[in-house]
Amino acid sequence: MLLVDTNIVANLLLDGPQGPSARALYAQDPDWTTEPLLFVELTNVLATGLRQKRLSSAQAESALARAHEMLDGYLHLTPDRQVLAVAARYGISGYDARFVCAALEIGSPLVTEDAGLRRKVPEATCSMAEALA
């Protein structure tokens, strides 16, 4: 099972710059889980794509539907108090802390391309390249 960050799912669904790595990761292990906040963040990514005219409404709606198909039923909700403690412990945002807290709870590193987050929390995160190795 892989715990994935929003940037991994967005690259997979929108064929972003790291789309090939995201596809390889999904092919290697399609058992993905995430924190429910992913859908808030992904919706924002899609709304930005619509606003900047990089995505059509149909593309955005399709990506969101595919994300739900992949991840509904595989969400790990993290308790707010634990998230707050993780944010304070590592000096990270509450958003990032939700994903890190989930990683710590399930004992699987968060796969993320956020290099800053990986530097701050190396024991609970890894890059796609590391996950693929």
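In this report, we go over the structure that sits alongside the text. These numbers come from a predicted model, not from an experiment. (Residues numbered from 1 in each chain as written. Predicted model: local features only at pLDDT ≥ 70, side-chain atom pairs only at ≥ 80, totals over all residues. Heavy atoms only, no water.)

A look at the overall build of the protein
The number of helices and strands found in the protein is 8 helices and 4 strands. The helix and strand sequence of the protein, counted from the amino end, reads β-α-α-β-α-α-α-α-β-α-β-α. Here the protein has a C-alpha radius of gyration of 14 Å; the compact-globule value for 133 residues is 14 Å, and the two agree. Counting over 133 residues, the protein shows a buried share of 44%. Of the side chains in the protein, 11 bear a positive and 16 a negative charge, and the two mean positions are spaced by 8 Å. (Helix = DSSP H or I, 4+ residues; strand = E, 2+ residues; numbered from the N terminus. Rg over C-alpha atoms; globule rule 2.2 N^0.38 Å. Buried < 20%, exposed > 50% of the residue type's maximum accessible area, 1.4 Å probe, protein only. Lys, Arg positive; Asp, Glu negative; His and termini not counted. Charge placed at Lys NZ, Arg CZ, Asp CG, Glu CD.)

Description of the sheet that holds strand 4 (residues 125-126)
To summarise the sheet geometry, strands pair through backbone hydrogen bonds and adopt either a parallel or an antiparallel arrangement. The parallel open sheet is built from 4 strands, whose spatial order is 2-1-3-4. Strand pairing shows two members of the sheet lacking a second neighbour, strand 2 (32-33) and strand 4, which therefore form its edges. In this structure, strand 1 (residues 2-4) lies alongside strand 3 (residues 110-111), joined through 2 bridges in parallel fashion. The residue of strand 3 that forms the bridge with Leu3 is Leu110. (Pairing = 2+ DSSP bridges.)

What to know about the nonpolar core
Val9, Leu25, Trp32, Ile92, Val100 and Val111 are the most contacted members of the largest nonpolar core, which totals 41 residues. In terms of residue count, the dominant contributor to this core is helix 6 (residues 94-106) (6 residues). Excluding residues that lie within four positions of it along the chain, Leu25 makes contacts with Leu2, Ile8, Trp32, Val111, Met128, Ala131 and Leu132. (Core = buried A, V, L, I, M, F, W, Y, C linked by side-chain atoms within 4.5 Å. Contact = heavy atoms within 4.5 Å.)

Thoughts on the packing of aromatic side chains
Counting across every chain of the model gives 1 aromatic pair. Each ring, one from Tyr26 and one from Trp32, has its centre 5.0 Å from the other, and the planes form 85°; the classification is edge-to-face. A relative accessible area of 29% places Tyr26 in the partly exposed class. (Phe/Tyr/Trp six-rings, centres within 6.5 Å; stacked < 30°, edge-to-face > 60°.)

Some points on the packing of helix 5 (residues 80-90) against helix 6
Running from amino to carboxyl end, helix 5 crosses helix 6 at an angle of 105°, the nearest separation of the two axes being 8 Å. Here helix 6 runs roughly perpendicular to helix 5, going by the angle between their axes. Residues Asp80, Gln82, Val83, Val86, Ala87 and Tyr90 of helix 5 form the contact with helix 6, whose participating residues are Gly94, Ala97, Arg98, Val100, Cys101, Leu104 and Glu105. A class-by-class count of the residues in the contact of helix 5 with helix 6 yields 8 nonpolar, 2 polar and 3 charged. (Axes fitted to C-alpha atoms, helices over the stretch in contact; angles between N-to-C directions. Parallel < 35°, antiparallel > 145°, perpendicular 65-115°, else oblique. Nonpolar A, V, L, I, M, F, W, Y, C, P; charged D, E, K, R; others polar.)

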